[in-house]
Amino acid sequence: MSAEAEGYMAIAVGKDGHTHGCITNTTTCTWNDLRCGEVYTVNVIAYEYTCNSVPSNSTTIRMAPCIPQYLKSSFNCSTKVGSLSWNASETAEFYIVTAETNNGHVVKLSTNDTWTYISEFHCGQEYFLSVQAVDAVCTSRPSQASILLSEPCRATNVSSTMNCITNIARVSWTSSAGALFYTAKITTIDGQSNNCTSLSNQCAMSNVPCGQNHTVTVTASNKICVSEPSKADILQSAPCIPADVGVKVDCSKNQAVVSWSSSRGALSYKVVALSTQGAKSTCDTKDTKCTLTTLNCGQEYYFQVTAEDNICSSWPSSRVYFKSVPCTPKIGSVVLDCYTSSALLDWLNAEGALNYTATARSSSGHVSTCTTNDTNCELQNLQCSHTYDVTTVASDDQCSSPPSTKLQVESAPCAPGDVVFMLDCDSNTAQVEWQPSFGAEYYVVQGFGVEEHETSCETNSQSCVLSDLKCGFTYNISVIAVNSVCNVSQSDVEQLQAVPCVPDQVKTQVDCESGGVMVSWEPSKGALSYTTVAQGSGGSASSCNGSETTCRLNNLQCGLNYSIAVIASDDMCSSAGSSAVNLNTVPCVPQKVTARMMCENNTGAGFRS
């Protein structure tokens, strides 16, 4: 304390001349901005309002060495040795390096250099590295710590299992100190490897090569180092998925023979086939093929093959589809089409069928078939008078079903042959005869008039008489053979011309000058020509022929009564005569005429003898 001083000013001057001042009204002063590693000369000056005292005697302040700066640390993972470097501190004669963990492990060393190596690290620890500078008097405060991680500790208790369902390998281990993450590695016998990384103490791998024993190790890692591999564990992977899977359907047995290539690691195989409708068929074998039996007909199946060992099953092979043999159709009915000599066949839809083939086979060996993708078809060109066995088969693009149960169908009778007829001109009836038809139970003779009149007769013999023919009509005559199924087996048509009709409305007219008679009548159906006959009362007769409906009789005797009739004719028959018309011809010319004069009254008289 200086008398009458109002305050004090302490001045610290470094060796390089830089100064630090401190003003106070007490007798102490503190600097917090003096430079480290420096020696300061300090003087104090007292001052009042108007004057300052001279400086006091000087004293020195020796600052501790500067705290080392810019620490850089690294860790050599292979040698497990850490290194540390820093910037030099002025006035430092040597340095003290400290490595310390949070759990109390400490490593200390001193060095004259600005770098050092540090060993004796424990695995899996985080070390805080600091440096203090030391001179002959002072030791600096520790530097800001540099963090260094030692190598992670080795993983222990490694075990591995195979998930047979998912074909995923699961690896687990006991957590190790210092590990930020772990890498599990699976190595095959031939050196191929697969790995997975995990932040926990387990991980899973899906792409493990099938059908082998693998070596499993785990390494722990931090940001810098990887630990030594753990003790190895042995993992048996699932058998390989069967490949080259194929199938061949045995159509005769409705079975499927499945084959595949040998699968590595497999002790046996299982085949499972499922249909789209839920049916199932399986087989087990140690071979590379087996037969699927008890297949439901007409269904689409897919199957897969799995390989098995004593622990796991492989993933199923890729799906392979096949179709079982189509179901046998069930025939509903068969109907004979008598007009076309065809059988119309229908059946119920058969599962698995893409198309159907119907077959009709006679006892004589004749066969008729039809193919369709519908459930009915027409069996054409059946031979007449045969009994056929009819079956249906369902087919897809590779197999055909067993044939359906048989149905019998009787074809139409054969048409009668050699039809002939004999026309009775007097009665206008026709007797029709023909050759017998095999399979016919009876016959129907039909005559269809061109002008729509019909006539028929029925018999079980080989002849029949058509008795109600109309005059002048043209008939198409045929014979139909009939059995219990058909009545359309018709013979060839023969044409019959009935007897011409009797001429009608006969009229006569006498030509008085010439003495001739003109006869006329209505046209007669069926007539090709006419004959006009005049029969005189004295026994004389006259006639004329022609195709016209008029005729002139010129040679009739005079003075007689004639009966005139007209007859119509065709190429085979003549009709009855028409109703007679009576007429008297022109009187005869008087003969031997004489004359006599009667004088008395002056008249003349004629006489004929």
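None of the values given here were measured: they were computed from a predicted structure.

Within the protein chain, the regular secondary structure consists of 0 helices and 49 strands. In terms of overall size, the protein chain is more extended than a compact globule, its C-alpha atoms giving a radius of gyration of 70 Å where 609 residues would be expected to give roughly 25 Å. Principal-axis analysis of the C-alpha atoms gives the protein chain an extent of 245 × 80 × 30 Å. Burial statistics for the protein chain: of 609 residues in total, 41% are counted as buried. Contacts in the protein chain between residues far apart in sequence, at least 24 positions, make up 55% of those at least 6 positions apart. Carbon and sulfur atoms make up 48% of the accessible area of the protein chain, which amounts to about 33100 Å² in all.

Quick look at the pairing of strand β46 (residues 561-569) now. Bridge count for strand β43 (residues 529-536) against β46 is 8 bridges, and the pairing is antiparallel. Note on β46: the bridge partner recorded for G536 is Y562. As judged from the 4 bridges shared by β46 and strand β47 (residues 581-584), these two strands associate in the antiparallel manner. Across the sheet, S563 pairs through a bridge with N582, a residue of β47.

It is worth spelling out the pattern of salt bridges at this point. All told, the structure shown has 4 salt bridges when counted by the stated rule. Between R62 and D135 there is a salt bridge, with its nearest N and O atoms 4.0 Å apart. Taken together, the residues R62 in strand β4 (residues 59-62) and D135 in the loop between β10 (126-134) and β11 (146-149) connect sequence positions 73 residues apart. The class for R62 is partly exposed, based on a relative accessible area of 45%. The shortest N-O distance in the salt bridge between E228 and K80 comes to 3.8 Å. Of the two residues, E228 is situated in the loop between β17 (213-221) and β18 (233-236) and K80 in the loop between β5 (72-76) and β6 (81-85); the sequence distance between them amounts to 148 residues. On the accessibility criterion, E228 (47% relative accessible area) is partly exposed. K80 gets classed as partly exposed once you look at its relative accessible area, which sits at 31%.

The rules behind each value
Residues numbered from 1 in each chain as written. Predicted model: local features only at pLDDT ≥ 70, side-chain atom pairs only at ≥ 80, totals over all residues. Heavy atoms only, no water. Helix = DSSP H or I, 4+ residues; strand = E, 2+ residues; numbered from the N terminus. Rg over C-alpha atoms; globule rule 2.2 N^0.38 Å. Buried < 20%, exposed > 50% of the residue type's maximum accessible area, 1.4 Å probe, protein only. Contact = heavy atoms within 4.5 Å. Areas by Shrake-Rupley, 256 points an atom, 1.4 Å probe, with all protein chains shown as cover. Pairing = 2+ DSSP bridges. Salt bridge = Lys/Arg side-chain N within 4 Å of Asp/Glu carboxyl O.

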